Amino acid sequence: MKQQIIVLIAAIILFGCEKAAENASFSAGGNGTGGSMARFTIVGNHLYTVDKSNLKVFEISDPAQPVFKRSVPVGFEIETIFPFKDKLFIGSTSVVHIFSIADPANPQKQGEAISPEFMRRCDPVVAKDTVAYATLRTTGPCGGTRSVLAVYDVRNVQQPVHRNAITLGAPYGLGYTGNTLYVCDQLQGLVVYDITQAYAPVQVNSLLLTGNDFIDVIPFNNLLVAWVSKGMALYNITDKANPAFLTLID
Amino acid sequence: MRYVLLLLLSGLAACVQPRNEAGPSMMGYAPVYLTGQTSNNIGMSAARATKYPGKIYAYQQWLFQVEQYRGIHIIDNSNPQQAHKMGFLEIPSCTEIAIKANHLYTNNLDDLVVFDISNIGAPQLVKRLDGAFPQFSQEYPPVPSAYFECPDPSKGLVIAWEEKLLDNAKCRR
């Protein structure tokens, strides 16, 4: 690709979102929903964690008695972990490592996504059936040419194909529900895209919150939970394209 | 392969940029080092103001936000328009959160800890896996592009960062 971009792909906690949306009465056995910058994630009966260089697996069939199963060396500067179906996408500052968890206690590396034209410093990330969205941030001392929302075709998760790049200011976390994608940007605020055409997001809105930057978001039923610089902000997203501010918890 | 590795390492090293000299006083981040009894200071306390907001999590009618390196704000979201903090779970060095079946998983120093949150007002520590996360020491502050006082390994592990006026903020990431 022409732009100097590096890919950090991960997947939104799709199951958590969809389940929560389906179940008006929550099941006590279910798990919650995290943001796109998490280092802990739960899939089924396993807790997966990443530290700077390792993926760790804990079995939590008995939730009160986690059992350490194994530690898998992944690479350098690991930052985020996201499940997508039977895959884990593990983001680092340079490479996206893709593991299969078809055997949940025994993640197997399948491949990695790396951009040939290398640029440091990127961040998280969501994916759904055929597409992954990653924010690639180039502010700060580590340089780069521009910050973008990158769009990847992940039908073959072992070899994501770059499909699009949308210029942003300084993007951080992101999340989606249905055909709406929310991206946190230090300059533009909360930027809302229609992703009906998955590889061609169309910006439909952007919101600022006075005195706050947006850092990460979780769409949770009709609520958008946002990590902002002074705490947590909540928005009603019954109308997905038009988040309505509810409250700031600071 | 070795060459690639070398390139990668030199690239990473460049991400922490020491300043050439100690400049004038400026706002930056100072490391907070682990002291003896810090790890024992776990438990529920009254709701408090958010100072170093961290990761977020949604579970049933509750929302959670990490107070970076200090604990977790617990928020009652039964009515989102009036969502409010109902308490603070103190967990030194905590940065992460995940929940399944009324059990909250987080990190406390280098341990994995599990709280039973069936009674959200009184989480119970039910399990600790010692040394699950040996790499927990914080090498740099949780803020991009910030200047900070370079950690001194001889002073111990870094469990938090405090924003303050510094004379010797020689590191930047």
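Every value quoted in this text rests on a predicted model; they were computed, and no experiment measured them.

Before going further, it helps to spend a moment on the overall build of chain A. Scanning chain A for helices and strands turns up one helix and 21 strands. Buried positions account for 52% of the 250 residues belonging to chain A.

Once that is clear, we can look at the confidence of the model for chain B. All names here are of chain B. Scored by pLDDT, chain B has a mean of 81; 78% of the residues are at 70 or more. Between the elements of chain B, mean pLDDT differs from a low of 39, seen in helix α1 (residues 2–14), to a high of 98, seen in strand β5 (residues 71–76). The low-confidence segment residues 1–20, where pLDDT is below 50, has 18 contacts with residues more than four positions distant or belonging to other chains. Scoring the predicted complex yields pTM 0.81 and, for the interface, ipTM 0.85.

Residue and element names in this part refer to chain B. Take W62: it is sitting in strand β4 (residues 62–67). Expressed as a C-alpha distance, the spacing of W62 and A83, which sit 21 residues apart in the sequence, is 9.0 Å. Contacts of W62, omitting those with residues within four sequence positions, involve I74, I75, D76, N77 and I120.

This part covers the pairing of strand β3 (residues 46–50) of chain A. Residue and element names in this part refer to chain A. Taking burial as the measure, the five residues of β3 include five buried ones, the bulk of the element. Burial of the side chains of β3 extends over both faces: H46, Y48 and V50 are buried on one face and L47 and T49 on the other. Summarising the sheet, strand β2 (residues 40–43) and β3 pair through four bridges and their orientation is antiparallel. Across the sheet, T41 pairs through a bridge with Y48, a residue of β3. Of the strand pairs in this sheet, β3 and strand β4 (residues 54–59) are connected by five bridges, and their pairing is antiparallel.

Parameters at a glance
- Residues numbered from 1 in each chain as written.
- Chains lettered and ligands numbered in written order.
- Predicted model: local features only at pLDDT ≥ 70, side-chain atom pairs only at ≥ 80, totals over all residues.
- Helix = DSSP H or I, 4+ residues; strand = E, 2+ residues; numbered from the N terminus.
- Buried ≥ 20, exposed ≤ 12 C-beta atoms within 10 Å, placed from the backbone.
- pLDDT = per-residue confidence, 0-100.
- Contact = placed C-beta atoms within 7 Å.
- Pairing = 2+ DSSP bridges.

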